[in-house]
Amino acid sequence: MHAAVVRSFDRPPRFEEFAVPVPGEGRLPVEMIAAGLHPRVRSGADGTHYTSDGRLPLIPGVDGVGRLPDGQVVYFVAGDGDPGTMAERSVVDPRRAVPLPDGADPVTIAAAMNPAMSSWVALRRRIAFRPGQGVLVLGATGNAGRMAVQIARHLGAGRVVAAGRDPERLALLDGLGATDVVSLAGDPDQADARLGEAAADVDVVLDYTWGGPTERALPAVLTRRADRSAPLDWIEIGSMAGREITLPSAVLRAAALRLMGSGQGSVTARGIVAELPGLMAELTRGTLTADARPVPLADVEEAWTAPVEPGRRLVLTVSA
Ligand SMILES: NC(=O)c1ccc[n+]([C@@H]2O[C@H](COP(=O)([O-])OP(=O)(O)OC[C@H]3O[C@@H](n4cnc5c(N)ncnc54)[C@H](OP(=O)(O)O)[C@@H]3O)[C@@H](O)[C@H]2O)c1
């Protein structure tokens, strides 16, 4: 078969011949149709993800859409230690696979499930989110952030404050359910004031940035709360701006901050899989919109480093 193959962590994968993976116990073979090029896939392929064991060669790809031997088309999340999904064939743990609903577009599903799952699972599995609550999406201009805005509204948020840098992507969020849009660009003190005023009294923060923007947003929001004892669930989901923060102790004392993360580990694999059908149904219905750009798997090397329009997700496709 052919696959995207990483042979060195400092070079993009190349389209090469590779041995067909042999399914181990509890796995099924799958013919791949589409796999998304998510940030998590890039960090796996350049060896910087925390799960990277440094072994090469590897096939990147953490999820995708494929056809099982019985003809069923499924979305699945690759199991720990299983080969990647950017190949003509891979393997599936059936416990991590769900059938695509009728009418679902495999490319849209492959593009959207990973970014959409991040907020869907956080709001449904990490906290007791209630309709009417206010949500701040920190880093709302990426694929996951834009989905988070739509999903928060869909799940009943009363207010959604969308904060990010890219002005064009920010402008689109109004039409997708944001009630307030805050630019994090420009003078940092002024950006803090804008953010603090708009988001002072939210109940939940979905944080895709971490690093510097989070270090500034925490005091900006907490110190402006009308009722500092009102709980604020701050959910760390992504780390686009840094892997670490410095957290002054006063921040934790100053307000009823509940700091947590959401992702594999903090939610069980079974819990995540249980959320997939509901999310896929909304994507298929068109309640949630995604911006996918399909690229043939054979073009992976070029596509990997080519500039991508912000907010668009590359999807590598295998022709039947
Ligand atoms: N835990 C989970 O379950 C889960 C699931 C999916 C994704 N994630 C994580 O979520 C994050 C976002 O994923 P994605 O798919 O949305 O990626 P993406 O589409 O590539 O978007 C990333 C966005 O991050 C923003 N950004 C980068 N540096 C920034 C900075 N210094 N300050 C503010 N914004 C910054 C950029 O927005 P601007 O252009 O506006 O700067 C960019 O659009 C990643 O870290 C990913 O690994 C987590």
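Note that the structure is a prediction, hence the values are computed from the model and not measured.

Colleague: Please clarify how the overall build of the chain should be interpreted in this entry.
Modeller: Per the secondary structure count, the chain includes nine helices and 15 strands. For a compact globule of 320 residues, the expected C-alpha radius of gyration is about 20 Å, and the chain comes in at 20 Å, within 12% of that figure. Over its C-alpha atoms, taken along the principal directions, the chain stretches across nearly 60 × 40 × 35 Å. For the chain, contacts bridging at least 24 residues in sequence account for 72% of all contacts bridging at least 6. Counting every atom, the chain has about 14500 Å² of accessible surface; 50% of that belongs to carbon and sulfur. Positive and negative side-chain charges in the chain, numbering 33 and 38 respectively, have mean positions lying 4 Å apart.

Colleague: Is there a simple way to think about the environment of E215 in this case?
Modeller: Tracing the backbone shows E215 in helix α6 (residues 211-222). A residue is classified by how much of its surface remains accessible, and E215, at 32% relative accessible area, is partly exposed. A sequence separation of 31 residues divides E215 from T246, and the C-alpha atoms of the two residues are 6.8 Å apart. Here T246 takes part through its backbone nitrogen, which lies 2.5 Å from a polar atom of the side chain of E215.

Colleague: Would you explain the UniProt feature "domain: Enoyl reductase (ER)" (unreviewed entry) in the chain in this entry?
Modeller: The UniProt record annotates "domain: Enoyl reductase (ER)" (unreviewed entry) at residues 4-267. Regarding residues 4-267, the helix share stands at 29% and the strand share at 23%, and the terminal C-alpha atoms are separated by 30 Å.

Colleague: How should I be thinking about the domain arrangement of the chain in this particular structure?
Modeller: Reports often express the size of an interface as the amount of accessible area lost when the parts come together. Along its sequence, the chain is organised into domain 1 (2-99 + 290-317) and domain 2 (115-261). Here the C-alpha centroids of domain 1 and domain 2 sit 30 Å apart. Taken together, the contact between domain 1 and domain 2 spans eleven residues of the former and nine residues of the latter. When the buried surface of domain 1 facing domain 2 is broken down by residue, P310, G311 and R313 rank first, second and third, together holding 48% of it. Summed over the shared surface of domain 1 and domain 2, the number is three residue pairs in polar contact (both at pLDDT 80 or more).

Colleague: Would you mind going over the packing of helix α2 (residues 106-126) against helix α3 (residues 143-154) with me for this structure?
Modeller: When two helices pack together, their arrangement is given by the angle between the helix axes and by the axis-to-axis distance. Direction vectors running N to C along α2 and α3 enclose 45°, while the axes themselves pass 8 Å from each other. The pairing of α2 with α3 is recorded here as oblique in orientation. Regarding α2 and α3, the two cross each other, and that crossing is right-handed. Every residue of α3 that contacts α2 at A112, P115, A116, S118, S119, W120 and L123 is listed here: N143, A144, M147, A148, I151, A152 and H154. Grouping the amino acids of the contact of α2 with α3 by side-chain chemistry returns ten nonpolar, four polar and no charged.

Conventions adopted
- Residues numbered from 1 in each chain as written.
- Predicted model: local features only at pLDDT ≥ 70, side-chain atom pairs only at ≥ 80, totals over all residues.
- Heavy atoms only, no water.
- Helix = DSSP H or I, 4+ residues; strand = E, 2+ residues; numbered from the N terminus.
- Rg over C-alpha atoms; globule rule 2.2 N^0.38 Å.
- Contact = heavy atoms within 4.5 Å.
- Areas by Shrake-Rupley, 256 points an atom, 1.4 Å probe, with all protein chains shown as cover.
- Lys, Arg positive; Asp, Glu negative; His and termini not counted.
- Charge placed at Lys NZ, Arg CZ, Asp CG, Glu CD.
- Buried < 20%, exposed > 50% of the residue type's maximum accessible area, 1.4 Å probe, protein only.
- Polar contact = N/O pair within 3.5 Å; in protein donor to acceptor, adjacent residues only side chain to side chain.
- UniProt positions renumbered as here; feature names shortened; annotations may be inferred.
- Domains from an automatic or database assignment.
- Buried area = accessible area lost by both parts, 1.4 Å probe.
- Axes fitted to C-alpha atoms, helices over the stretch in contact; angles between N-to-C directions.
- Parallel < 35°, antiparallel > 145°, perpendicular 65-115°, else oblique.
- Left-handed = near helix turned anticlockwise from the far one by under 90°.
- Nonpolar A, V, L, I, M, F, W, Y, C, P; charged D, E, K, R; others polar.

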